Amino acid sequence: MIKTSASLLACDLANISGELARCRTAGVDWIHFDVMDGAFVEQITYGSPVLKCVRAATDMFLDVHLMVNDPASQIKFFAEAGADLIDFHIESLSDPEATLRDIRSCGIKSAIAVKPGTPIESVYPYLELCDMVLVMTVEPGYGGQAFIPETLEKIRALRKTADERGLASLDIEVDGGINAKTAPLVKEAGANVLVAGTGLFKAPDMAQADIQLKSQKGEA
Ligand code: DX5
Ligand code: ZN
């Protein structure tokens, strides 16, 4: 089943609780919380104290995307603040295996993310420790960028490898430039969790946009 995850980066941050309510009403499945540290990527967004407020304002599933150099040091803070899933980058400085185990030991779901230029094979040693893999479909750092088509082959290869290893329940999330045009491509390649910031928050009708993202034809 296809799930959508709304990236708060594109929402009205002065009205987060209103925006969370809008997502729930529209039928969005998850909330995507982009954490940037000004080092792994050039900007700084928000951290675990803000996530705590988001947790208090919604019971929706909270998908935390750590774009930080040292995710291992942050797991406890985000888990305590109410994350349901934490993903961090294979390109970060933390040890992937220890960090994935640490996330699971907090009783939440674990995921690892790969940038567009990083070979997908880099995450293969860790798949058994992952509930999800996030294949970035733009360079991390900014919302509103154009989808990079070369990432489709990575999604396809990952789904094939997961199937071959009996990991049928592995979620594959895509993030960046996902809209009604690109959603059919990533779903066909094997992705089942679609992050959208611009595609949901800036749509004239969020509920309609959510239906389009989930639609098998890409048109609703
Ligand atoms: C980019 C972030 C994305 C971003 C997606 O670094 O990880 O989650 O907000 O934004 P859109 O959907 O607008 O491309
Ligand atoms: Zn993200």
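Data block above holds the structure.
All residue numbers refer to positions counted from 1 along the written sequence of the respective chain. Working convention: letters from A go to chains and numbers from 1 go to ligands, in the order in which they are written. It should be noted that, the model being predicted, local features are given only for residues of pLDDT at least 70 and side-chain atom pairs only at 80 or more, the latter also being counted only at that level, while totals for whole chains, interfaces and linings use all residues. In computing side-chain properties, one takes all heavy atoms of the structure into account and sets aside hydrogens as well as water.

## Overview of the overall build of the protein
Using the following cut-off: Secondary structure elements are taken from DSSP: a helix is a run of H or I of four residues or more, a strand is a run of E of two residues or more, and numbering for both begins at the N terminus. Radius of gyration: C-alpha atoms only; globule rule: 2.2 Å multiplied by the number of residues to the exponent 0.38. Burial here depends on accessible area, computed with a 1.4 Å probe over protein chains only, as a share of the maximum for the residue type. Under 20% is buried, over 50% is exposed, and the range in between is partly exposed. Whether two residues touch is decided by their heavy atoms; if any such pair falls within 4.5 Å, the residues are in contact. For the accessible areas, the method is Shrake-Rupley and the probe is 1.4 Å, while residue cover comes only from the protein chains on display.
A count of helices and strands for the protein gives eight helices and eight strands. Against the 2.2 N^0.38 benchmark of 17 Å for 220 residues, the protein shows a C-alpha radius of gyration of 16 Å, consistent with a compact globule. Projected onto its principal axes, the C-alpha coordinates of the protein cover approximately 40 × 40 × 30 Å. In the protein, which comprises 220 residues, the proportion classed as buried is 54%. In the protein, the share of contacts with a sequence separation of at least 24, taken over all contacts with a separation of at least 6, comes to 65%. Carbon and sulfur atoms form 54% of the exposed surface of the protein, whose accessible area is close to 9400 Å².

## Considerations on the site of ligand 1
We apply this condition: To be near a molecule or strand, a residue needs just one of its heavy atoms within 4 Å of it. Polar contact is defined as a pair of N or O atoms within 3.5 Å, subject to the rule that within protein one atom must be able to donate a hydrogen and the other to accept it, and that residues adjacent in sequence are counted only when both atoms are side-chain atoms.
Looking at ligand 1, there are 20 residues lining it, with Ser-7, Gly-141, Asp-175, Gly-197 and Thr-198 nearest. A distance of 2.9 Å is found between an oxygen atom of ligand 1 and a backbone nitrogen or oxygen belonging to Gly-177. Ranked by residues supplied to the shell around ligand 1, first place goes to strand β2 (residues 30-36) with three residues.

## Details of helix α8 (residues 206-214)
Using the following cut-off: Arc, as used here, means the arc of the directions from the helix axis to the C-beta atoms.
For α8, the complete set of buried residues consists of Met-206, Ala-209, Asp-210 and Leu-213. All buried residues of α8 lie within an arc of 100 degrees about the axis, which places them on one face of the element. Lining the buried residues of α8 we find β1 (3-7), α1 (16-26), α6 (183-189), β8 (193-196) and α7 (198-201). Where α8 starts, the residue carrying a side-chain oxygen 3.1 Å from the main-chain nitrogen of Ala-207 turns out to be Asp-205.

## Let's talk about the coordination of the zinc ion (ligand 2)
The line we're drawing: Keep in mind that water is not among the atoms, so a site may look incomplete; donors are the N, O and S atoms within 2.8 Å of the metal, or 3.2 Å for Na, K and Ca. Geometry assignment treats four donors as tetrahedral when all angles are between 85 and 135 degrees, treats four as square planar and six as octahedral when opposite donors are over 155 degrees apart and all others between 65 and 115, and treats everything else as irregular.
At 2.0 to 2.3 Å from the zinc ion (ligand 2) lie its protein donor atoms, namely His-32 (NE2), Asp-34 (OD), His-65 (ND1) and Asp-175 (OD). Around the zinc ion (ligand 2), the six donor atoms are arranged such that angles at the metal cover 71 to 172 degrees; this shape is classified as octahedral. In primary-sequence terms, the residues that donate to the zinc ion (ligand 2) follow H-x1-D-x30-H-x109-D. Linking Asp-34 in strand β2 with Asp-175 in strand β7 (residues 171-175), this pair joins segments that are 141 residues apart in sequence.

## What to know about the packing of α1 against helix α2 (residues 48-57)
Short version of the rule: Between N-to-C directions, angles cover 0 to 180 degrees, with each direction set by a line fitted to C-alpha atoms, over the stretch in contact for helices. Angle categories are assigned with fixed cut-offs, so that under 35 degrees is roughly parallel, over 145 is roughly antiparallel, 65 to 115 is roughly perpendicular, and the rest are oblique. Note: crossing handedness is left-handed where the near helix turns anticlockwise from the far helix by less than a right angle, and right-handed where it turns clockwise. We call Asp, Glu, Lys and Arg charged. Ala, Val, Leu, Ile, Met, Phe, Trp, Tyr, Cys and Pro are nonpolar, and the rest, Gly among them, are polar.
Viewed as axis vectors pointing N to C, α1 and α2 meet at an angle of 50 degrees, and their least axial separation amounts to 10 Å. Judged by the angle between their axes, α1 and α2 are oblique. Relative to α2, α1 is oriented so that their crossing is right-handed. Across the interface between the two elements, Ile-16, Ser-17 and Leu-20 from α1 touch Val-50, Val-54 and Ala-57 from α2. Residue classes in the contact of α1 with α2 are distributed as five nonpolar, one polar and no charged.

## Structural notes on the sheet that holds β2
As a reminder of what qualifies: Two strands are said to pair when DSSP picks up at least two bridges between them.
Strand order around the closed barrel formed by eight strands is β1-β2-β3-β4-β5-β6-β7-β8, with parallel pairing between neighbours. Taken over all neighbouring pairs, the strand axes of this sheet differ in orientation by 25 degrees on average, direction set aside. Bridge analysis of strand β4 (residues 85-89) against strand β5 (residues 109-114) gives five bridges, and the strand direction is parallel. Its bridge partner lying in β5, Phe-88 is registered against Ile-112. Sitting on the sheet, α2 touches β2 and β3 (61-67), and the angle it makes with β3 is about 165 degrees.

## Here we look at the environment of Gln-212
For Gln-212, the position within the fold is in helix α8. For Gln-212, a relative accessible area of 22% puts it in the partly exposed group. Spatially, the C-alpha atom of Gln-212 lies 37 Å from that of Leu-93, the residues being 119 residues apart in sequence.

Interpretation in functional terms is not warranted from these geometric data alone.
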